[in-house]
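# Summary of the model geometry
Next come the chains, spelled out residue by residue.
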2 protein chains.
Amino acid sequence: MDDIDRRILTVLQEDATLPVSELAKRVGLSTTPCWKRVQKLREDGVITKQVVLCDPAKMDLKLTVFVEIRTNRHNDAWLRKFAKIVRELPEIVDVYRMSGDVDYLLRVVVRDIEGYDAVYRKLIRAVEVFDVSSRFVMEKIKYSTALPLLGSDDDAA
Amino acid sequence: MDDIDRRILTVLQEDATLPVSELAKRVGLSTTPCWKRVQKLREDGVITKQVVLCDPAKMDLKLTVFVEIRTNRHNDAWLRKFAKIVRELPEIVDVYRMSGDVDYLLRVVVRDIEGYDAVYRKLIRAVEVFDVSSRFVMEKIKYSTALPLLGSDDDAA
DNA sequence: GATGAAATACCTCCCGC
DNA sequence: GCGGGAGGTATTTCATC
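Residues numbered from 1 in each chain as written. Chains lettered and ligands numbered in written order. Predicted model: local features only at pLDDT ≥ 70, side-chain atom pairs only at ≥ 80, totals over all residues. Heavy atoms only, no water.

Our next topic: the domain arrangement of chain A. On domain assignment, one finds that chain A holds domain 1 (3-50) and domain 2 (57-136). Look at where the C-alpha atoms of domain 1 of chain A and domain 2 of chain A centre, and you get two points 35 Å apart. (Domains from an automatic or database assignment.)

A few words now on the protein's contact with DNA strand D. Around DNA strand D lies a shell formed by Leu29(A), Ser30(A), Thr32(A), Pro33(A), Lys36(A), Arg37(A), Leu18(B), Pro19(B), Val20(B), Thr32(B) and Trp35(B). Each atom of DNA strand D within 4 Å of the protein was classed as base or backbone; sugar and phosphate made up 67%. Here Arg37(A) contributes a side-chain N or O atom positioned 3.4 Å from a phosphate oxygen of DNA strand D. Val20(B) places a polar main-chain atom, nitrogen or oxygen, 3.0 Å from a phosphate oxygen of DNA strand D. (Near = heavy atom within 4 Å. Polar contact = N/O pair within 3.5 Å; in protein donor to acceptor, adjacent residues only side chain to side chain.)

Under the definition given, this model contains zero disulfides over all chains. Cys34(A) carries a free sulfur, and the closest cysteine sulfur to it, the one in Cys54(B), is 14 Å from it. (Disulfide = S-S within 2.5 Å.)

Moving on, we get to the relation of the copies chain A and chain B. What relates the two chain copies is a rotation about an axis together with a slide along it. Screw-axis analysis of chain A against chain B gives a translation of 0.0 Å along the axis, an RMSD of 0.1 Å, and a rotation angle of 180 degrees. Expressed as a symmetry operation, the mapping of one chain copy onto the other fits a two-fold axis. For chain A, the residue whose C-alpha comes nearest the rotation axis is Val51(A), separated from it by 2.9 Å. (Least-squares fit on C-alpha atoms with pLDDT ≥ 70 in both.)

For the rest of this paragraph, the subject is the packing of helix H2 (residues 20-27) of chain B against helix H3 (residues 31-43) of chain B. Residues and elements named next belong to chain B. Taken N-terminus to C-terminus, the directions of H2 and H3 make an angle of 100 degrees; their axes are 9 Å apart at the nearest point. With respect to H3, the axis of H2 lies roughly perpendicular. Residue-level contacts link Val20, Ser21, Leu23, Ala24 and Val27 of H2 to Thr31, Cys34, Trp35 and Val38 of H3. Here the residues of the contact of H2 with H3 sort into seven nonpolar, two polar and no charged. (Axes fitted to C-alpha atoms, helices over the stretch in contact; angles between N-to-C directions. Helix = DSSP H or I, 4+ residues; strand = E, 2+ residues; numbered from the N terminus. Parallel < 35°, antiparallel > 145°, perpendicular 65-115°, else oblique. Contact = heavy atoms within 4.5 Å. Nonpolar A, V, L, I, M, F, W, Y, C, P; charged D, E, K, R; others polar.)

Turning our attention to the sheet that holds strand E4 (residues 104-110) of chain B. Adjacent strands of a sheet form backbone hydrogen bonds with each other and so pair up, either parallel or antiparallel. The strand order around the closed barrel built from eight strands is E2(A)-E4(A)-E3(A)-E5(B)-E2(B)-E4(B)-E3(B)-E5(A), with neighbouring strands paired in antiparallel fashion. Between one strand axis and the next, the sheet turns by 35 degrees as a mean value, whatever way the strands run. In the sheet, strand E3 (residues 92-98) of chain A pairs with strand E4 (residues 104-110) of chain A via five bridges, with the strands oriented antiparallel. Bridging across to E4(A), Asp94(A) finds its partner in Arg107(A). Sheet strands touched by helix H5 (residues 113-126) of chain A: strand E2 (63-70), E3, E4 and strand E5 (131-143) of chain A. Its angle to E4(A), the strand with the most contacts, is close to 140 degrees. (Pairing = 2+ DSSP bridges.)

Residue and element names in this part refer to chain A. Relative to the elements of secondary structure, Ala146 occurs in the segment after E5. Its relative accessible area of 13% is what places Ala146 among the buried residues. Separated by 36 residues in the primary sequence, Ala146 and Val110 place their C-alpha atoms 23 Å from one another. (Buried < 20%, exposed > 50% of the residue type's maximum accessible area, 1.4 Å probe, protein only.)

Going through the model one piece at a time under the given rule, you end up with 13 aromatic pairs over all chains. Both rings, one in Phe82(B) and one in Tyr104(B), keep their centres 4.7 Å apart while their planes meet at 45 degrees; by these two values the pair is tilted. Placement of the pair is Phe82(B) in helix H4 (residues 76-88) and Tyr104(B) in strand E4, with a sequence separation of 22 residues. Considered together, Phe82(B) and Tyr104(B) belong to a single accessibility category, that of buried residues. Chaining the aromatic ring pairs together yields one cluster made of Phe66(A), Tyr96(A), Phe66(B) and Tyr96(B). The ring of Tyr143(B) carries Lys140(B) above its face, with NZ or CZ at 5.6 Å from the centroid. (Phe/Tyr/Trp six-rings, centres within 6.5 Å; stacked < 30°, edge-to-face > 60°. Lys NZ or Arg CZ within 6 Å of the ring centre and 35° of its normal.)

On to the side chain of Gln13(B), then. Positionally, Gln13(B) belongs in the loop between helix H1 (3-12) and H2. Overall, Gln13(B) belongs to the buried group, its relative accessible area being 2%. Of the polar contacts made by the side chain of Gln13(B), one reaches the backbone nitrogen of Leu147(B); its length is 2.9 Å. In this structure, Gln13(B) is in contact with Val51(A), Val52(A), Cys54(A), Thr145(B), Ala146(B), Leu147(B) and Leu149(B), ignoring residues within four places of it in sequence.

In structure tokens form, the structure reads like this:
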């Protein structure tokens, strides 16, 4: 994982439709070695998948909700059941176990309040939670799937 | 945007490397009309981009932090300056303006606490904030870039 | 929308440096 | 490690039904 690999990933994280020849130009390589690097990055699992991103508004998914969950069942069985249900509900797109007073943080993408309520009901029916608090998104100011690779003083310190 | 389009998007949101011929098979279409639909979905901006996703652990980005920000400057100039700085910092991957007591919610991806502190300092140096509260992610239980298209009772009601 | 075929472009892997 | 080039394959655009 040298600097050229990071440059390749920086480009591919923004646009993966580019021909390898064009990608090679941008990172200052010729086609073959560039292609080999991309292949290796896939083999090594650095690149996990290649996907299309969609416009939520265009598919009538205009509401994003962050849900904070507190539980009083701090055991493996509960967590397994919880993990299962959140993976089964596609509207729950992200789930994080947190430090601090909130146990879990969920990002939920739905059409409207009714859609959110349906997900909420399915969740609390499937698993016991101590407290649920919902925070609604008014405006998406930034949303990126690209991880930071070059921007900061990573190892310049 | 009929059901076939939704099936195309569901597949492409998970794997955009499939040949059109294979995609066509999965959605029950032949190659040419399937290709035309994909092209139209791109033209119409339903598909916004095609990207690779990377493994954060493999690139030494082991810490995710959610940052809650409260401001006392509720005006356009402040918001523009805030939006500018968060877009400039690649470690700040998502930014949402929220309803309720928290004004903004940020997702920040960094190597470690030091990395987070560096971002934090850059942020508060660039823009005045009233209150900042950081919540650290212990475990990523689910992370998906795929929007829910079929899973729920969208228009079955 | 399906089929088949043709031209183009790209991917893949051989080679030598 | 790099670059060049040949061959196979996928994409893209025609027709036609």
